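Fold and contact review
Here's the letter readout for the chains.
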Amino acid sequence: MNQSFSFKKYLRFLFLFLFVFSGAQKKFTVVLDAGHGGSDFGANRFYSETGRLNEKDVTLAIVLKLGRMLEKDKDFKVIYTRKIDEYPSLLDRTNLANRSKADLFISVHCNANTRSAPYGTETFVQGPDQNKTNLEVAKAENDVIFLDDKDREMFASYDPKSPESLIALKIQQSKYLESSLLFGSFVEENFEKKDKRFSRGVKQQNLHVLRLNAMPSVLIETGFISNYDDAMYLASEKGQSEIASSIYDAIISYKKTRERNAVKNVEPEKPVEQPLKNDFRILLMSSPSKYVAGDPALKGLNYILTIKEGGFYRYYYAVTNMASVRDNNLKTAREAGFNNATSISFVPNQKLGIGYYNIELAVTDQKLSSNSPILNTLKDVERDKVNGKFYYTYGKFSSLEEAVAAQKELEDKGIKNTVIQKVAK
Ligand SMILES: [Zn+2]
């Protein structure tokens, strides 16, 4: 106990030393990434006022304006992933950022929707978890993961199931998530308060261009090319300058906060945030309906854990044992439109005194045939008939964690969209 305490003190001293003798001298390096480019036009629409309006041109114009603002200040070093109309692969963009040991990575994009109604801005940070479902959502959401051949090779070799890559990712993400969220919230606040735009908030999303970055990173959707008013704004000198200037101000605020915290962290009486005893999930809603990942009812949020209890599906968003992250998650949920979202505490690995958890595999009107994938893959599936419906369940677990682990195993076997059920008896 004592030993680890003095080791912490030593670390703080070391950081103070590094901060004073090197950190303070170092320029704050920002990588500016104009989305798309070259043969990848990104989102595009034809308007009589602009001709074909391409995302790749808007993002480059904003990034060049922002870069010029930063370059006027000698405290900043600016690195561009592109300054002309070309397409650097996503891997090239990540490698450039990591090699330059940048302090911040900002990828600038424009949104698009099949409908013309959606408008406004949103900022994405790399989410805290990693699974295929989220990738699919990210793919469907928009265009940001255009993959060229080199990227495809790189990301194909990346196995999200391998424990090593999972551990590496988790460390990386928890390390930069808070900073990314902080910067993202500055950006969205400026869009909303200064530029009077509609902010759709800061969201966690699984995006290739952010995933392997070893620094706080955000992807900013500066507006919808598919919405007429947004498109005219994005195409205009005024709109591009306002966007660039709002991002610039956010960088300044972020840098100041970072410097304040760096000084604070070396004060011995100011402890670093300690993890809480309990885990916290954000309860989004209870509903008699079952929604699977990507359903519009979930309003674009990922990392959903569904627990069925007393006939109702309870939808929980994200999980953390850090108070600051919990508060951020709650904010994200409310901004997504879950106005009554609340944070719920879970005692880790708590064994249920009464009752148990199981996994609801399927609810059907007809009996599953004996060669259905579920009955073929699993032994010991239980079947109940209630009010004319067949309920297929599996397993008996005394803690939520055991049930979650079993659910993951089922997913690996191809049995998806199952729900953890709390059975009181
Ligand atoms: Zn884009």
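Reading guide: rules and limits
Residues numbered from 1 in each chain as written. Predicted model: local features only at pLDDT ≥ 70, side-chain atom pairs only at ≥ 80, totals over all residues. Heavy atoms only, no water. UniProt positions renumbered as here; feature names shortened; annotations may be inferred. Helix = DSSP H or I, 4+ residues; strand = E, 2+ residues; numbered from the N terminus. Buried < 20%, exposed > 50% of the residue type's maximum accessible area, 1.4 Å probe, protein only. Contact = heavy atoms within 4.5 Å. Areas by Shrake-Rupley, 256 points an atom, 1.4 Å probe, with all protein chains shown as cover. Donors = N, O, S within 2.8 Å, 3.2 Å for Na, K, Ca; no water. Core = buried A, V, L, I, M, F, W, Y, C linked by side-chain atoms within 4.5 Å. Phe/Tyr/Trp six-rings, centres within 6.5 Å; stacked < 30°, edge-to-face > 60°. Pairing = 2+ DSSP bridges. pLDDT = per-residue confidence, 0-100. Axes fitted to C-alpha atoms, helices over the stretch in contact; angles between N-to-C directions. Arc of directions from axis to C-beta. Polar contact = N/O pair within 3.5 Å; in protein donor to acceptor, adjacent residues only side chain to side chain.

Looking at an unreviewed UniProt entry, one finds the protein chain named N-acetylmuramoyl-L-alanine amidase, with Chryseobacterium koreense CCUG 49689 as its source organism. The Catalytic activity (unreviewed entry) comment attached to the protein chain in UniProt states, word for word, "Hydrolyzes the link between N-acetylmuramoyl residues and L-amino acid residues in certain cell-wall glycopeptides."

Scanning the protein chain for helices and strands turns up 12 helices and 16 strands. Here the protein chain, with 425 residues, has 47% of them falling under the buried criterion. Contacts spanning at least 24 positions in sequence make up 78% of the contacts within the protein chain whose residues lie at least 6 apart. Carbon and sulfur atoms form 54% of the exposed surface of the protein chain, whose accessible area is close to 21800 Å².

Around the zinc ion, the protein supplies H36 (NE2), E55 (OE) and H109 (ND1) as donor atoms, at distances of 2.1 Å. Taken in sequence order, the residues that donate to the zinc ion follow the motif H-x18-E-x53-H. Remark: E55 occurs in helix α2 (residues 55-71) and H36 occurs in the loop between β1 (28-34) and β2 (44-47); sequence separation between them is 19 residues. Taking relative accessible area as the criterion, H36 reaches 4% and is therefore assigned buried.

This part covers the nonpolar core. Grouped together as the largest cluster of nonpolar side chains are 41 residues, with contacts concentrated most on L32, L70, I106, F183, I247 and I251. Within the residue set of this core, elements represented by two or more residues are β1, α2, β4 (76-80), β5 (104-111), α6 (163-193), β8 (217-224), α8 (228-235) and α9 (237-265). Of the residues forming this core, the biggest block, seven residues, is contributed by α9. The next biggest cluster of nonpolar side chains, apart from the first, holds 22 residues, and it includes I307, Y316, L352 and A362.

A few words now on unusual backbone geometry. Its identity is not glycine, yet H36 carries a phi of approximately 65°, on the positive side. In the Ramachandran plot, N387 falls in the positive-phi region, its phi being about 50° despite a non-glycine side chain. Taking relative accessible area as the criterion, N387 reaches 79% and is therefore assigned exposed.

We now examine the packing of aromatic side chains. Applying the stated rule across the entire model yields seven aromatic pairs. A ring pair is formed by F28 and F76, whose centres lie 5.7 Å apart and whose planes are at 85°; its orientation type is edge-to-face. Taken as a pair, F28 in strand β1 and F76 in strand β4 lie far apart in primary sequence, 48 residues in all. Measuring from ring centre to ring centre gives 5.6 Å for Y291 and Y315, while their planes differ by 40°; the resulting arrangement is tilted. Within this pair, whereas Y291 is found in the loop between β9 (279-287) and β10 (304-309), its partner Y315 is found in strand β11 (residues 312-320), the two being separated by 24 residues in sequence. For Y315, a relative accessible area of 0% gives the class buried. Each residue in the set F28, F76, F183 and Y254 is aromatic and connected to the rest through ring pairs, giving one cluster.

Examined bridge by bridge, strand β13 (residues 356-364) and strand β15 (residues 389-397) share six bridges and lie antiparallel to one another. When the bridges of β15 are listed, E360 appears paired with T393. When strand β14 (residues 381-386) meets β15, the two strands line up antiparallel, connected through six bridges. Bridge pairing in β15 links E382 to T393. Following β14, the chain reverses through two residues before pairing antiparallel with β15; N387 in that reversal takes a positive phi of roughly 50°.

Taken residue by residue, the protein chain gives an average pLDDT of 81. The fraction at 70 or more is 79%. Note on residues 129-172: pLDDT under 50 across the span, and 79 contacts to partners over four residues away in sequence or across chains.

Within a sheet, neighbouring strands are paired by backbone hydrogen bonds and run either parallel or antiparallel to one another. Spatially, the eight strands line up as an open sheet ordered β12-β9-β11-β10-β16-β13-β15-β14, and their pairing is mixed. Each end of this open sheet is capped by a strand with a single partner; those strands are β12 (342-346) and β14. Between one strand axis and the next, the sheet turns through 40° on average, direction left out of account. For β10 and strand β16 (residues 419-423), the ladder comprises three bridges, and the chain directions are parallel. Its bridge partner being in β16, E309 is matched across the sheet by K422. Against the sheet, helix α10 (residues 323-336) contacts β9, β11 and β12, and its axis sits at roughly 135° relative to β11. Each of β9, β10, β12, β13, β15 and β16 is contacted by helix α12 (residues 400-412), which is oriented at about 35° to β13, the strand it contacts most.

Turning our eyes to something else, we now look at the environment of Q126. Within the fold, Q126 resides in strand β6 (residues 121-126). For the pair Q126 and P216, spaced 90 residues apart in sequence, the C-alpha separation works out to 9.2 Å.

So, on to helix α3 (residues 90-99). Of the residues making up α3, those classed as buried are L90, L91, R93, T94 and A97. Buried residues of α3, viewed axially, fall in a sector of 160°; they line one side. A side-chain oxygen of the first residue of α3 lies 3.0 Å from the backbone nitrogen of D92; this N-cap is S89. Downstream of α3 by one or two residues, K101 has phi in the positive range, about 50°.

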